[in-house]
Amino acid sequence: MQTLDSDRVPADVTSVRRSAARFGGRPEDPTFVESLRRFARRHGWRAYALPVLVVVTIVALLSTGGSMKKIAGVASGGGGSGSGPTTPPVADGNIALKSDQPGTDARDTVLKAGALPAGAAYTTKGTGTFTVLKGTSPVVGTGPVHRYTIDVEDGITGVDTAAFARLVQTTLSDPRSWTGHGTALQRVDSGQADFHISLTSVDTERQMCGYDIPIETSCFANTDSTTGATLNRVVLNIARWVRGDAAYVGDLNAYRIYMVNHETGHALGHEHAHDCLPGGLAPVMMQQTIGLTSAVSHKICQANPWPYPPNAKGAPGVEAADTPQNSEFSLKND
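As a starting point, this report considers the structure included with it.

Moving on: the overall build of the chain. From N to C terminus, the chain includes 9 helices and 6 strands. In the chain, which comprises 334 residues, the proportion classed as buried is 41%. Expressed as a percentage of contacts within the chain between residues at least 6 apart in sequence, the contacts between residues at least 24 apart total 71%. Accessible surface for the chain amounts to roughly 17300 Å². Of this, 55% is attributable to carbon and sulfur atoms.

In terms of nonpolar packing, the biggest core is built from 44 residues, with Phe164, Ile197, Leu199, Leu236 and Trp241 touching the most fellow members. Each residue touching Leu199, except ones within four places of it in the same chain, is listed here: Phe130, Asp151, Val152, Glu153, Ile156, Val159, Phe164, Leu236, Ile238 and Trp241.

Before going further, it helps to examine the packing of aromatic side chains. If you walk through the whole model with that rule in mind, you get 6 aromatic pairs. When the centroid spacing of 6.0 Å and the interplanar angle of 15 degrees are considered together, the rings of Tyr148 and Phe195 count as stacked. Remark: Phe195 occurs in strand β4 (residues 195–200) and Tyr148 occurs in strand β2 (residues 145–153); sequence separation between them is 47 residues. Of the two residues, Tyr148 and Phe195, neither departs from the other in class, the shared state being buried. Consider the rings of Trp178 and Tyr308, whose centres lie 6.2 Å apart with planes at 85 degrees: the pair is edge-to-face.

The final tally for this structure, using the stated rule, is 2 disulfides. In this model Cys276 forms its disulfide with Cys301; the gap between the sulfur atoms is 2.0 Å. Since a negative S-S torsion denotes a left-handed disulfide, the Cys276-Cys301 link at about -90 degrees is left-handed. Note that Cys276 is positioned in the segment after α9 (252–267) and Cys301 in the segment after α9, a separation of 25 residues in sequence. The class of Cys276 is buried, set by a relative accessible area of 17%.

Time to look at the pairing of strand β5 (residues 219–223). For a regular strand, side-chain orientation follows a simple rule: the groups alternate between the two sheet faces. As paired strands, β5 and strand β6 (residues 230–237) are joined by 4 bridges and run antiparallel to one another. Each residue of the ladder has a partner; that of Phe220, found in β6, is Val234. As consecutive antiparallel partners, β5 and β6 are separated by 6 residues, and within that stretch Gly228 has a phi angle of approximately 80 degrees, a positive value.

Time to look at the pattern of salt bridges. Enumeration according to the criterion identifies 4 salt bridges in this entry. The residue Arg206 makes a salt bridge to Glu216 at a minimum N-O spacing of 2.4 Å. Of this pair, Arg206 sits in helix α7 (residues 202–209) while Glu216 sits in the loop between α7 and β5, and the two are 10 residues apart along the sequence. The exposure class of Arg206 is partly exposed, given its relative accessible area of 29%. The exposure class assigned to Glu216 is buried, which follows from its relative accessible area of 2%.

The rules behind each value
- Residues numbered from 1 in each chain as written.
- Predicted model: local features only at pLDDT ≥ 70, side-chain atom pairs only at ≥ 80, totals over all residues.
- Heavy atoms only, no water.
- Helix = DSSP H or I, 4+ residues; strand = E, 2+ residues; numbered from the N terminus.
- Buried < 20%, exposed > 50% of the residue type's maximum accessible area, 1.4 Å probe, protein only.
- Contact = heavy atoms within 4.5 Å.
- Areas by Shrake-Rupley, 256 points an atom, 1.4 Å probe, with all protein chains shown as cover.
- Core = buried A, V, L, I, M, F, W, Y, C linked by side-chain atoms within 4.5 Å.
- Phe/Tyr/Trp six-rings, centres within 6.5 Å; stacked < 30°, edge-to-face > 60°.
- Disulfide = S-S within 2.5 Å.
- Pairing = 2+ DSSP bridges.
- Salt bridge = Lys/Arg side-chain N within 4 Å of Asp/Glu carboxyl O.

Structural data, given as structure tokens:
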């Protein structure tokens, strides 16, 4: 298993923190201003004396050669029993997050960008059998109807299966997904189904998808490679569902949406796309788990979980069969 580039992850986390800062309270927010007024009314002259005291203290420290590092450390939650959380804030899915940094050689970093981030534990071995989760939906979209079930492998633990099913169904019913553009989908829990969207343990995923690319991935398994039996199974790797990917650092929900849209795209007959959309977004059928650098143009795309993101030209992108020349995995040292 490859490990993440130590210089790369902090850059991603910094990017998320800068972007996510705008989701917090701002001085121009009415609630923020009213809070200041209440504080001033409650504490009277002390409300004005406190900031003056802080400024005087800082000036005194600077004039006496005192260090500001301890003050900065406390403010950022760095160490001690009173330290705050050290994980990056969660972004909202509308921020372009990149695991590939401009000015670097993508050939050196493609597998490092695809390494599994640190995080919570996940189920490595299930039973190899699946249970269909109860739930149906009306037909969403126009065109030929494709019916699907939502399954979870038996033996998987630690996952809210209702939340899993809800996210899958909501994603595929979104007009930014496949149903907004000439495809109709319907969730069923019995009878005929065209394919099955399945949360799958690591070992079973490797049996169904292979492990020729030595990172945790998901896939669409059309047939059983051993028996030849028809599977038609969208295999969503629980390791990625729990941990996410470096291309979406700080936004696990957006990466899960990408997983659903990308692998369901294969179930609907779509192939991989290998170059950025006009404007710079990665097409959803690009192998974003491996990295965001195009093997065709060597441009760095912006992470994107939707087949048809708003106002994006050229979506869902030019698709082509994988070859050694256009594969993002082929970006390595010769």
